[in-house]
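# Descriptive structure summary
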Amino acid sequence: MMNRENPVWLITGCSTGFGRELAKLVLARGWRAVVTARDPEKVADIAAGQGDRVLVLPLDVTKPDQINSAVADTISKFSRIDVLVNNAGYGYLAAIEEGEDAAVRAMFDTNVFGLIDMTKAVLPAMRKQRSGLIVNVSSIGGITSFGATGYYHGTKYAVEGISESLALEVKPLGIDVLIVEPGPFRTNWAGQSIQQSTDRIDDYADTAGVRRQQTSERSGSQAGDPVRAAQAIIDTALSDTPPLRLLLGAAALELAHKKLDFMRHDFDTWEATTLGADFPENER
């Protein structure tokens, strides 16, 4: 559980979007925050006038030396870490066949392995405290999939699975895990932050190609408000019984229910085939 007595939040990816708004709200409550970004100058305005309650640090989650330094500097200044928010990440548009190996691996390094490395670096402090909250920013794309974002879904499905296991392992130690699953929000995810493959295959024009275009056209007009999303994360963190998963936005809720219905239909339709794969009762 999160310590509520002036907690220390360590947040990755604060230059834009959820990370930026969350850092601002944490500081507005009078709490302490470690505000990180690959370019610290992009978050300097967040720290202005906040005094000793804020620490701005350079952090690229694909660089282990920067991770270790960030955690050490946080402990040195504040003596503890109460909340880790693994927010750093980005998207990539490509049909699976169009995916470029180097770009895909780079995204996994940030979205998955960066999250893992940050978590492993912070856990010793939280275990020592016997308290803490790890917030892993996933996506509705960690529950359901669309054309053109298959590799991004791969990273977020990985985050979901890792987070579920982590939650089981650390709960007895007083540490909670929260998976945040936003739908479409007005962040830079679909704008400046998105990456795309240069290869375009005509046979995918009506699937992945259409989704590429839709993603670009909808950027800036999404229903989701990053400020309200950040407040929702704080409200959930303050709960005595935080959920494992927190959907954000009406679109996320609708899509999650559709995925559950889709899975249930397949499970029920093929139940006899599924059960027939076991040894008969009399042969066990």
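In what follows, the structure referred to is the one given above.
The sections below set out a description of the structure shown in this document.

The rules behind these values
Residues numbered from 1 in each chain as written. Predicted model: local features only at pLDDT ≥ 70, side-chain atom pairs only at ≥ 80, totals over all residues. Heavy atoms only, no water. Salt bridge = Lys/Arg side-chain N within 4 Å of Asp/Glu carboxyl O. Helix = DSSP H or I, 4+ residues; strand = E, 2+ residues; numbered from the N terminus. Axes fitted to C-alpha atoms, helices over the stretch in contact; angles between N-to-C directions. Parallel < 35°, antiparallel > 145°, perpendicular 65-115°, else oblique. Left-handed = near helix turned anticlockwise from the far one by under 90°. Contact = heavy atoms within 4.5 Å. Nonpolar A, V, L, I, M, F, W, Y, C, P; charged D, E, K, R; others polar.

### Some words on the pattern of salt bridges
The tally for this structure, following the rule as stated, stands at 15 salt bridges. With a closest N to O distance of 3.1 Å, E181 and R245 form a salt bridge. You can see E181 sitting in strand 7 (residues 175–182) and its partner R245 sitting in strand 9 (residues 245–248), a full 64 residues away along the chain. For the salt bridge of R284 with D278, the shortest nitrogen-to-oxygen distance reads 3.9 Å.

### A look at the packing of helix 3 (residues 64–78) against helix 4 (residues 101–129)
It is at 10 Å that the axes of helix 3 and helix 4 come closest, and there the two elements cross at 30°. The angle between helix 3 and helix 4 places the two elements in the roughly parallel class. Read as a crossing pair, helix 3 and helix 4 show a hand that is right-handed. Each of I67, N68, V71 and I75 in helix 3 lies in contact with helix 4, whose residues at this interface are G114, D117, M118, A121, V122 and A125. Of the residues that constitute the contact of helix 3 with helix 4, the class distribution is seven nonpolar, two polar and one charged.

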